[in-house]
Each structure stands twice: as C-alpha cells, then as structure tokens.
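A closer look at the structure
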Amino acid sequence: MPDLIKVAKFGGTSVADAEAMKRCASIIEVDRDKRVIVVSATSGTTNLLSSLSETEDPSERLAVYRQIEQKHLEILNNLNSPKETGNNLQIVLNELREKITTSEPYDIRAMDELLSFGERLSSTLFTGLLNDKGIDAEFIDARDIIKTDSEFGHAEPLVDLIRKKVTDQLVPKLKTKRVVTQGFIGSDKNGTTTTLGRGGSDYSAALLAEALDADVLEIWTDVNAIYSTDPRICPEAIPITEMTFDEAAELSFFGAKVLHPATLKPAIRKNIKVYVGSSIHPNQPGTWIVKNITQKPIIRAISLRPEQTLITVHSLDMLHRHGFLAKLFQILADFNISVDLVTTSEVSVSLTIDTNQKGMHKRLSPEMLLELEKIAHVKVERELALIALVGNNLDSTAGVSGPLFNLLDSINIRMICHGASSHNLCFLVNESEATGVVRKLHEHFISKKVS
Ligand code: ADP
Ligand code: ASP
Ligand code: MG
C-alpha cells in the first residue's frame, strides 16, 4: 500500500478533450498516492444528455446521441487509444443509443439513467489512457459502490453502506493498483441508477475519501484555486491559499460553483484535507481547505446564487398565536420544498427558495401556493439573487453592516439574514443588479484590505 491515500477528482473541463485528459494523466502519473481517480463527464455532455428530456421526437434524440458519439470518438482518436478502449467505449455508446430509441417521455428515473452515460463514457476513455501510459488502473462502476436512496435527480448517499462497499470492493484493489470511477452517479437498493445532483462529482469524491479514510481529497478543476469571489464575474477576485472547512462549506452552500455544496460534509466528518487546484496549471498554488487555521479574516469571500424566489406570507392569525409557523412549514415539507433563509415580523414571514435547483420550479406549483393561501395572504417575488459575505465572527464583529448599507444605498435589498451563523451575512437583491453588487462589495471588503 502507498504511504498516503489521495482521492483525486477531475471535473468536466479537465477531461473535456484529449489534450485535457493527457494533462490529468500526467498529474496522476507523478504522484503514486493518487489511488482513486474520480472523473466527471466531458464538459457539456451532461447538458446534452439533460436536453433529451425536452423532446420526444426520435430524430431529435438521435441528433443528441450523434453529438455525444462524435465528441467521444474524436477523443478516442486523438488519444490514439488501443483497440480495447475503443471496444469498451463502443459498448457504452451502443447502450446509450438503445436507450434513446424510444419516443416515450423520460421520467426523472429514466433521466438519471441517461445522465449516467456522461461519466461512464469519460471514465472509459480515461482508464484506457492511464493504462496506455503504463499506469495500472482499473475501471470501477461507481453504481456498485455509491449506494443512495431513491430520490432520483438528487439522491442522498447511504454513508454506512458506501463504507462497506468501499472496504469490500475497493480497498483490496488499492494495494496494487489505482482505481478510476465516475463522479455524480450511484444506485439505489434496487440497483437502479441515481445521481447526486448537478455538479455532484465533487460530492462523490468526498464520499469515497470518507469511506477510505483518505489523507487528502483533491479537486482538479478549471480555476487555479478557490477565489475570493467567482473570477468570471469579478476579475479582481483573489486566489485563497488556505481556508477553513466552515468557510468553504458556507461558500459552496451559498453558490460558489467550484465545489458542490455537500462536498465538505464528508471531509468535515473525517477531518480530511481538501485541495482545490487547476488541471491546466497544476503547478500554480491552489487552495487548501483544512479544519483550522490561524488567519481568519472577517470576510474571506463573497458568493452569488441566482434564481432565488422570495415568498412572503402574511396573516393576522400569527399575532400572539402558536402553531402558525408549524402549519406553514408543514405545507412546504408536504411539497418537498426546502427553505434557505427565513425572517419574520409580527404578522408575516418571508422565506427564500432556491429555484436554481432542478425540479424546484415544478414543486413551487399553483397547488402548493393554493395550500399556503388557505392559511395566509401570499406574495411571490422571483428573479432575485442571494449574495453572501462569508468569513468569521460575523455575528460578533462591529463595522460590517454600516459600510454594507452605505455601499448599497441605491439598491433595493429584499431581505437580510444575519446572526444565525458566525460565518455568513446574506441578503437578496434583484438578479439584474447582483453582479454589480458583488463587484462593489469585493472592492470594499476584499481588494482594499489586501492592497
Ligand atoms: P468542474 O467542471 O471542474 O467541476 P465547475 O464549473 O463546476 O468545474 O466549477 C468551477 C467554476 O466555479 C469556475 O470556472 C468558476 O467560474 C466557478 N466559481 C464560482 N465561484 C468561485 C470561486 N469563489 N472561486 C473559484 N471558482 C468559482
Ligand atoms: N457531470 C455532472 C454535471 O455536469 C456532474 C459533475 O460534473 O460534477 O453536473
Ligand atoms: Mg463542478
């Protein structure tokens, strides 16, 4: 067995084409501790597969298949892969083609099965590439290991069962070889394919790291590091060299796409260090996420989550009565709606719902609103964005809210949540104003502090 066990996950852009895959293979080659390799679908493939749900026309479905086929055959050719890899890829492609030649509408269960092909194709190519390079790597189907409940589209992992599968099936192999598997996909107790939600490969890698008691979880992506805000929306964003689990967990929960929101949960449970780095520039310093560090700024980073909906319910019944909130949350629970932020006044409650989440628009149905209207007057505001300042001791530090309100004096802030966590202060603004707000806050709270 090697001295350390590292689980390394490579995201969609990192395996987008033959050149990108070769870069990842080199990262693996130079470090024999990277024992478990988790790959995402090639960039854009999950979106293509997802578009299959939008049409029942067999020829349109076939056109989607053709694009996916062409993309993967091109990688195969550009890698000069041996025949065996070509055969393995063809088996998966044939299976996909068979699955799409139906004009039935796809339900959410069928969609999970279809979505799984993205990771199955990329991992087939990538295993072939590693073996071709002389790295002894075995392809493992993640659905045999990542066991989940049957919530198709955003399944919940069954951690104890995953540990057992890892101990029985993965650990013995790791003594002599590396293992390549897929992110994002798993299976329920009937063996039916499930997915962990979009961007879920980070979470898969973290679950495997937890079950293996790994020393390090590595997330190789298309940015050098985790930045003080999304570098795509704010060019002044600064790379973070070190941050705590708590900070990173809040940042991903509040919208930083660089990590799936649940990634830190397994890492925190087992105190596994997480490294985020670029597969394009692997020698550039990335971000280390650890349990504790000495330098804990008040504001470390700013996140933005678009497509938020604010529901405000107003009822005089709330006044000096008990049970109203219980009724309200029961209705939301009955419709499987999870709430992020809540504020209340004497006679009204405002709450936010992440309509960016798959399926949430559907769940926010007229029937659900009708139920709410039975107990209160209901107002729904859409196209809002949630902005979070993420850092430390925000609940006990003076001097943040003053400048914040000054900076945003011309902006309509729809809701503020502050105090529940020492790691965040968040608020809602109109989606159209959100990037401007993030840039302004970044300049004041982060750029100025480091210059
Ligand atoms: P992968 O395919 O490797 O999983 P993702 O696209 O899911 O990559 O995540 C990387 C992207 O996350 C970056 O390209 C960047 O635009 C976005 N992002 C959002 N917030 C941040 C942040 N604070 N730091 C770095 N990247 C961020
Ligand atoms: N391929 C999946 C997606 O695009 C999972 C991932 O990339 O993490 O959402
Ligand atoms: Mg991702």
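This write-up is about the structure you can find in this document.

How each quantity is defined
- Residues numbered from 1 in each chain as written.
- Chains lettered and ligands numbered in written order.
- Predicted model: local features only at pLDDT ≥ 70, side-chain atom pairs only at ≥ 80, totals over all residues.
- Heavy atoms only, no water.
- Helix = DSSP H or I, 4+ residues; strand = E, 2+ residues; numbered from the N terminus.
- Rg over C-alpha atoms; globule rule 2.2 N^0.38 Å.
- Buried < 20%, exposed > 50% of the residue type's maximum accessible area, 1.4 Å probe, protein only.
- Contact = heavy atoms within 4.5 Å.
- Areas by Shrake-Rupley, 256 points an atom, 1.4 Å probe, with all protein chains shown as cover.
- Lys, Arg positive; Asp, Glu negative; His and termini not counted.
- Charge placed at Lys NZ, Arg CZ, Asp CG, Glu CD.
- Phe/Tyr/Trp six-rings, centres within 6.5 Å; stacked < 30°, edge-to-face > 60°.
- Salt bridge = Lys/Arg side-chain N within 4 Å of Asp/Glu carboxyl O.
- Pairing = 2+ DSSP bridges.
- Axes fitted to C-alpha atoms, helices over the stretch in contact; angles between N-to-C directions.
- Near = heavy atom within 4 Å.
- Nonpolar A, V, L, I, M, F, W, Y, C, P; charged D, E, K, R; others polar.
- Core = buried A, V, L, I, M, F, W, Y, C linked by side-chain atoms within 4.5 Å.
- Polar contact = N/O pair within 3.5 Å; in protein donor to acceptor, adjacent residues only side chain to side chain.
- Expected span 1.5 Å × (residues − 1).
- Arc of directions from axis to C-beta.
- Parallel < 35°, antiparallel > 145°, perpendicular 65-115°, else oblique.

1. Some details on the overall build of the protein
Per the secondary structure count, the protein includes 14 helices and 16 strands. Relative to the globule expectation of 22 Å for 451 residues, the C-alpha radius of gyration of the protein, 23 Å, shows essentially globular dimensions. Principal-axis analysis of the C-alpha atoms places the extent of the protein at approximately 70 × 55 × 40 Å. With 451 residues in all, the protein has 54% of them scored as buried. In the protein, the proportion of contacts linking residues at least 24 apart, taken out of those at least 6 apart, comes to 77%. For the protein, the exposed area adds up to about 20,100 Å²; of that, 49% sits on carbon and sulfur atoms. For the protein, the distance from the average site of its 50 positive side-chain charges to the average site of its 59 negative ones is 3 Å.

2. Focus: the packing of aromatic side chains
This model, assessed by the stated rule, comprises 5 aromatic pairs. Seen in terms of ring centroids, Phe 10 and Trp 220 are 6.4 Å apart; in terms of plane orientation they differ by 10°. Their pairing is stacked. Placement of the pair is Phe 10 in strand β1 (residues 6–10) and Trp 220 in strand β7 (residues 216–221), with a sequence separation of 210 residues. For the pair Phe 10 and Trp 220, a shared accessibility class is recorded, and that class is buried. Aromatic side chains Tyr 275 and Trp 288 sit 4.9 Å apart centroid to centroid with 55° between the ring planes, which places their arrangement in the tilted category. One end of the pair, Tyr 275, is in strand β9 (residues 273–278); the other, Trp 288, is in strand β10 (residues 287–290), with 13 residues separating them in the sequence. Under the relative-accessibility criterion, Tyr 275 is labelled buried at 11%. Among the aromatic side chains, those forming a connected cluster through ring pairs are Phe 10, Phe 126, Trp 220, Tyr 275 and Trp 288.

3. Some remarks on the pattern of salt bridges
Should the charged atoms of two oppositely charged side chains come close, the side chains can pair. Scanning the entire structure with this criterion turns up 24 salt bridges. Note that Asp 31 is salt-bridged to Lys 34, the shortest N-O span being 2.9 Å. A single burial state applies to Asp 31 and to Lys 34, both of which are buried. With its nearest N and O atoms 3.8 Å apart, the salt bridge here joins Glu 381 to Lys 379.

4. Here we look at the sheet that holds β9
Pairing in this open sheet of 8 strands is mixed, and the strands run β3-β4-β2-β1-β7-β9-β10-β8 from one edge to the other. Two strands bound the open sheet, and with one partner strand each, they are β3 (137–139) and β8 (242–244). Direction aside, the axes of adjacent strands within the sheet are offset by 20° on average. Relative to strand β4 (residues 178–182), β3 runs parallel, the two sharing 3 bridges. Its bridge partner being in β4, Phe 139 is matched across the sheet by Val 180. Its contacts with the sheet place helix α8 (residues 245–253) against β8, β9 and β10, and it is angled at close to 85° to β8.

5. Focus: the site of ligand 2
Near ligand 2, the surroundings consist of Ser 40, Ala 41, Thr 46, Glu 119, Phe 184, Arg 198, Gly 199, Gly 200 and Ser 201. A total of 260 Å² of accessible area belongs to ligand 2 in isolation, and the protein chains cover 85% of it. Residue composition of the shell around ligand 2, grouped by class: 2 nonpolar, 5 polar and 2 charged.

6. Here we look at the nonpolar core
Ranked by internal contacts, the top residues of the largest apolar core, which has 94 residues, are Phe 10, Phe 126 and Ile 289. Sort the elements by how many residues they give to this core and helix α5 (residues 108–132) lands first, with 9 residues. Beyond its immediate sequence surroundings of up to four residues, Phe 126 is in contact with Met 21, Cys 24, Ala 25, Ile 28, Ile 37, Val 39 and Val 180.

7. Looking at the site of ligand 1
Surrounding ligand 1, one finds 16 residues, the nearest of these being Thr 221, Tyr 227, Asp 230, Arg 232 and Lys 257. The separation between a nitrogen atom of ligand 1 and a polar main-chain atom of Tyr 227 is 2.8 Å. Here ligand 1 loses 91% of its free accessible area of 580 Å² to cover by the protein chains. For the shell around ligand 1, the per-class residue count stands at 7 nonpolar, 4 polar and 5 charged.

8. Let's talk about helix α3 (residues 58–78)
The periodicity of an α-helix, 3.6 residues per turn, causes residues three or four places apart in sequence to face the same way. In a regular helix each residue adds 1.5 Å, so 21 residues correspond to 30 Å; α3 covers 30 Å between its end C-alpha atoms and thus fits that length. The complete set of buried residues in α3 reads Arg 61, Val 64, Tyr 65, Ile 68, Glu 69, His 72, Ile 75 and Leu 76. Burial along α3 is one-sided: seen end-on, the buried residues are contained in an arc of 130°. Residues of α3 that are exposed and point more than 90 degrees away from the buried face comprise Gln 70 and Asn 77. Put simply, Asp 57 is the residue that caps the front of α3, since its side-chain oxygen is 2.9 Å from the backbone nitrogen of Ser 59. Residue Asn 80 follows α3 closely and has a positive phi angle near 50°.

9. Focus on the packing of α3 against helix α4 (residues 83–100)
In a packed pair of helices, the relevant descriptors are the angle between the two axes and the axis-to-axis distance. Where α3 contacts α4, the two axes come as close as 10 Å, and the packing angle between them is 175°. One way to sum up the angle between α3 and α4 is to call them roughly antiparallel. Counted together, Arg 61, Leu 62, Tyr 65, Arg 66, Ile 68, Glu 69, His 72, Leu 73 and Leu 76 of α3 and Thr 85, Gly 86, Leu 89, Gln 90, Leu 93, Leu 96, Arg 97 and Ile 100 of α4 form the full contact between these two elements. Among the residues making up the contact of α3 with α4, the classes are represented as 9 nonpolar, 4 polar and 4 charged.

What is shown is where atoms sit, not what they do.
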